[in-house]
Amino acid sequence: GLYYSSSSQIIEMLPGGFRNHADQPHSFAFYGWATALTRLHVQWRAIPEWKLTPETLAPLRLLIVAESPVFPAEDVPVLEAWVRAGGRLIVTGQSGARTGEAGNFERAPDGSTLSPLISAPEGVRYLEADPGRFFYMADAERPARLEPIAEALAASLEGLEPLLVTADGMAWEVGLSTFTDGRRLFVDVSNTDIDLPTDAVTPTPALTFTVALPEGLGTGELRARALTPGADVPVSVRRLPDGRAEVSVGSVEVYACVVIEAG
């Protein structure tokens, strides 16, 4: 989960516009983490501040509060309970420096409304400088900026079961996103390896990744097919003994939807 704070964006607004349009701390941190997670093939969802509830947090393994100067004090107990139940948390930068709307966005008396969690011994990782913000603002050096984010994720998720999708070594120009209707699993494979000045697209190499299977796919044989707007793309699937499947996909020019269902 990636925490989104519209309040942290609002406090950057002055009568004449943004305080600094070229450097918006929370927005840029949010965009940076979102882009980096996608590049790392980590499935994620936005968690708006008004939806930070036990029900929303329950299915998450990790929540990232990225450079969010506003964090309502009344929401901290919800987050604390989730961390005590095993949730992992990354907090960065000046997150929690101000109270929420109920506190008129006043500065937090202890420096951060999240101080009790930042000082927690287990389950919480604090990064003084937000790597997502720097990743978003980077240009040619962006690939190098991805490593600190990958390291923070690996450290926070250590000891947990594999994520929904694992694609070690896969190029970051390949996007993977999943959806299930309970009986089938869909994996969207998108290729963003495009040279903008010439509009030239370089097709992906053959791809292999693993994905967690929904319970509706049972324990029997699996079959897979790829839906593409261009030429046919070969695809195969192999069930693994741990409730996952290994998926192999041929070269994709632009996009392919891999459909996995009972054989």
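What this report covers is the structure whose coordinates are included nearby.

Rules used throughout
- Residues numbered from 1 in each chain as written.
- Predicted model: local features only at pLDDT ≥ 70, side-chain atom pairs only at ≥ 80, totals over all residues.
- Heavy atoms only, no water.
- Pairing = 2+ DSSP bridges.
- Helix = DSSP H or I, 4+ residues; strand = E, 2+ residues; numbered from the N terminus.
- Core = buried A, V, L, I, M, F, W, Y, C linked by side-chain atoms within 4.5 Å.
- Buried < 20%, exposed > 50% of the residue type's maximum accessible area, 1.4 Å probe, protein only.
- Contact = heavy atoms within 4.5 Å.
- Phe/Tyr/Trp six-rings, centres within 6.5 Å; stacked < 30°, edge-to-face > 60°.

Taken in spatial order, the 4 strands line up as S8-S13-S16-S15 in an open sheet, and their pairing is antiparallel. The open sheet has two edge strands, strand S8 (165-166) and strand S15 (235-239), and neither has a second partner. As paired elements, strand S13 (residues 207-212) and strand S16 (residues 244-249) share 6 bridges and run antiparallel to each other. Bridging across to S16, Phe209 finds its partner in Val247.

Attention now moves to the nonpolar core. By size, the foremost hydrophobic cluster in this structure holds 25 residues, and its most contacted members are Leu176, Val189, Phe209, Val247, Val249, Val258 and Ile260. Taken together, the elements giving at least two residues each to this core come down to strand S9 (174-180), strand S10 (185-191), S13, strand S14 (222-227), S15, S16 and strand S17 (255-262). Setting aside anything within four residues of it in sequence, one finds Val189 in contact with Val174, Gly175, Leu176, Leu207, Val252, Val254, Tyr255, Ala256 and Val258. Within the second largest apolar cluster, 19 residues are counted, among which are Phe30, Trp33, Phe135 and Leu157.

Turning next to the packing of aromatic side chains. Across all of its chains, the model carries 8 aromatic pairs by this definition. Judged by centre distance (4.8 Å) and plane angle (40°), the rings of Phe28 and Tyr136 are tilted. Remark: Tyr136 occurs in helix H6 (residues 131-137) and Phe28 occurs in helix H2 (residues 25-39); sequence separation between them is 108 residues. The exposure class assigned to Phe28 is buried, which follows from its relative accessible area of 8%.

Everything listed is a geometric property; what it means functionally is a separate question.
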